[in-house]
Every structure is written in C-alpha cells, then in structure tokens.
Amino acid sequence: MKTDQWAPPCNSRCNNKYTAVTQIPWRIFCKKGCDADAETWEDCIGECDEMCYKDPVFKNQKWSSYIDRSPGSASYSEECFRACISGCAYKFDVSQEKTNEVHSREPKPEPEVTRTKRIVAETLVRTTDNDEIANTSA
C-alpha cells in the first residue's frame, strides 16, 4: 500500500514535489503550509513568513532571534518560504503563476551579538585564570 493513499491530497502533492532525500526539509515546510491554521491564502502567506524568517523571541532583544526555530540563513529562509507557499497553494488551490508572484520579506540583518560574545569571552578568561578551580574528572 502506498503512503499517498493515507496522506491528505495536499500532503501527497508535497511528497511528489519534494521527492529527493536532500529535499526532506522543504517537504516538511510544504506540509506545514498544507496544515497551516490559516483560513485564507493571505493568512497562509503570513504564517509562512513567520515560520521561515527569524524574529526576536523577546521584544526589543535582537539576540533572542537565535532562539527562534526558523531555518537560519537567508537562503534557507527563502527556500523554506517557497516550500511553505507551495503547501499553501495546494491547500487553497492557487495557480503556480499566482504562487510565483508572492515575494518573501527582505531578510533582516543578523542580530548584534558582539557584546554578548565579549561578555562570554571575558568570563572564560576569568574562569581559566582562576587557580581555585577544582580538578575533577567525570
């Protein structure tokens, strides 16, 4: 029995579009587009945008975008967005032409983490200079 018989039609279309092993992440994001809670095409686009691009998790704390579970680099975020939009298009029966017209948002610049890196580096230096560190083994 083929898995296409068990999967919803939208998910089956994602399976067919992203068949290669190297495309598994994009297949998953396509299926997330299929399974989105959005009730309209526009809402689904918004959900894909939220899912695929890093935003700070804590308000006014740019460093917290590293906690966000989006794919990471700008190119991965774009691939994620394209795959998710495909899923939305399958869900709402939107044509390929209309899907191609959708543009993702501009990637935000990487968060400023130099201050955090400096604090961590200073802490490591202080810790390694301290002669009172116990020598224990696991």
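Residues numbered from 1 in each chain as written. Predicted model: local features only at pLDDT ≥ 70, side-chain atom pairs only at ≥ 80, totals over all residues. Heavy atoms only, no water.

**Details of the overall build of the protein**
How we decide: Runs of H or I in DSSP of at least four residues are treated as helices and runs of E of at least two as strands, each being numbered from the N terminus. Exposure categories follow from relative accessible area, calculated using a 1.4 Å probe and restricted to protein chains: below 20% of the type maximum is buried, above 50% is exposed, and the middle band is partly exposed. To measure how exposed things are, a 1.4 Å probe is used in the Shrake-Rupley method; for residues, cover is taken only from the protein chains shown.
When helices and strands are tallied, the protein shows 6 helices and 0 strands. In sequence order, the secondary structure elements of the protein are arranged as α-α-α-α-α-α. When each of the 138 residues of the protein is scored for burial, the buried share is 30%. Accessible surface computed for the protein: about 9,900 Å², of which carbon and sulfur atoms make up 53%.

**Quick look at the state of the cysteines**
Going by this rule: Disulfide assignment relies on a single distance test, namely cysteine sulfur atoms paired within 2.5 Å.
As enumerated under the stated definition, the model contains 5 disulfides in all. The residue that forms a disulfide with Cys14 is Cys30, at a sulfur-sulfur distance of 2.0 Å. Judged by the sign of its S-S torsion, about -70°, the cystine formed by Cys14 and Cys30 is left-handed. Linking Cys14 in helix H1 (residues 9–17) with Cys30 in helix H2 (residues 24–34), this pair joins segments that are 16 residues apart in sequence. Each of the two residues, Cys14 as well as Cys30, counts as buried. Residue Cys48 pairs covalently with Cys84 via a disulfide, S to S 2.0 Å. Handedness here is read from the sign of the S-S torsion; for Cys48 and Cys84, about -75°, the answer is left-handed. Here the residue Cys48 occupies a position in helix H3 (residues 41–52), and Cys84 occupies one in helix H4 (residues 74–92), the gap between them amounting to 36 residues. Here Cys48 matches Cys84 in class, with each residue buried. Across the protein, the disulfide pattern expressed with sequentially numbered bonded cysteines is 1-4, 2-3, 5-10, 6-9, 7-8.

**Side note on unusual backbone geometry**
Of note, the phi angle at Asp93 is positive, near 55°, even though the residue is not glycine. Here Asp93 lies in the loop between H4 and helix H5 (96–101).

**Focus: a negative patch on the surface**
Which entries qualify depends on this criterion: Like-charged residues are merged into a patch within 9 Å and nonpolar side chains (Val, Leu, Ile, Met, Phe, Trp, Tyr) within 5 Å, provided each residue has over 30% relative accessible area and no salt bridge. Note on definitions: salt bridges are taken to be side-chain nitrogens of Lys or Arg within 4 Å of carboxyl oxygens of Asp or Glu. Charge counting follows a simple rule: Lys and Arg are positive, Asp and Glu are negative, and His as well as the terminal groups are ignored. Just so you know, the charge point we use is NZ for Lys, CZ for Arg, CG for Asp and CD for Glu.
A contiguous patch of negative charge, built from Asp35, Asp37, Glu39, Glu42 and Asp43, is present on the exposed surface. Mapped onto the elements, Asp35 comes out in the loop between H2 and H3.

**Notes on the pattern of salt bridges**
The tally for this structure, following the rule as stated, stands at 1 salt bridge. In this structure, the salt-bridge partner of Arg82 is Glu78, at a minimum N-O distance of 3.4 Å. Of this pair, Arg82 and Glu78 both sit in helix H4, 4 residues apart, which is roughly one turn of that helix.

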